[in-house]
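Listed here are the chains, written in short residue letters.
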Amino acid sequence: MIHIRIVSTTDEPIYAQIARQIRTGIFNGDLPPGFPLPSIRQLAKDLQISAITTKRAYEELEREGFIDSMVGRGSFVSGENPELVREQRLHQMELRLEEAVKEAKALNVSCADLMEHIRLLYEEEEE
């Protein structure tokens, strides 16, 4: 089951929100290879948005190799190379770390203190 939530209070375009949430589902393993996605029209109806918007999200995901679309059959999560998916996930992690570093600098948190926070969080997750 795919659950997409549109947030109207963000500057992120709706098609980008859809694509990001589907990517996240793929990265997390919630949407395994071969998983059928809702049709463009069905997703648009469910989200009460334009079919053009959902089409744009699906086109972006297909261009990036995350989904495969077949005329008359629908769109499915790609059986893409796991190494490519890992690289994409690493990229997403780097983007989030960049945000954390920016926030740390804004708060005058030293690199050593930031690393200590990360270490504690990392160890906490292992427990």
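Since this is a predicted model, take the numbers as computed values, not measurements.

Basis of the calculations
Residues numbered from 1 in each chain as written. Predicted model: local features only at pLDDT ≥ 70, side-chain atom pairs only at ≥ 80, totals over all residues. Heavy atoms only, no water. Phe/Tyr/Trp six-rings, centres within 6.5 Å; stacked < 30°, edge-to-face > 60°. Helix = DSSP H or I, 4+ residues; strand = E, 2+ residues; numbered from the N terminus. Buried < 20%, exposed > 50% of the residue type's maximum accessible area, 1.4 Å probe, protein only. Lys NZ or Arg CZ within 6 Å of the ring centre and 35° of its normal. Domains from an automatic or database assignment. Core = buried A, V, L, I, M, F, W, Y, C linked by side-chain atoms within 4.5 Å.

Asker: Explanation requested: the packing of aromatic side chains in the structure shown.
Answerer: Pairs of aromatic rings are described using the distance from one ring centre to the other and the angle between the two planes. Evaluation of the coordinates by the stated rule reveals one aromatic pair. Relative to Phe-66, the ring of Phe-27 has its centre 5.6 Å away and its plane inclined at 75°; by these criteria the two rings are edge-to-face. On the criterion of sequence distance, the pair formed by Phe-27 in helix H1 (residues 14-27) and Phe-66 in the loop between helix H3 (51-63) and strand E1 (67-70) is long-range, its members being 39 residues apart. Phe-66 matches Phe-27 in its accessibility class, with the two residues each being buried. The aromatic ring of Tyr-15 is capped on one face by Arg-56, whose charged end is 3.8 Å from the ring centroid.

Asker: Please clarify how the domain arrangement of the chain should be interpreted in this entry.
Answerer: In many reports, interface size means the accessible area that the parts give up when they come together. What the domain assignment lists for the chain is domain 1 (14-77) and domain 2 (82-124). The distance between the C-alpha centroids of domain 1 and domain 2 comes to 28 Å.

Asker: Is there a simple way to think about the nonpolar core in this case?
Answerer: What tends to happen in soluble globular proteins is that the nonpolar side chains get buried as a cluster. If you look at the biggest cluster of nonpolar residues, it comprises 22 residues, and the most contacted ones within it are Ile-4, Ile-18, Ile-22, Leu-31 and Leu-37. Of all the elements in the fold, those that place two or more residues in this core are H1, helix H2 (40-47) and H3. With seven residues, the single largest contributor to this core is H1.

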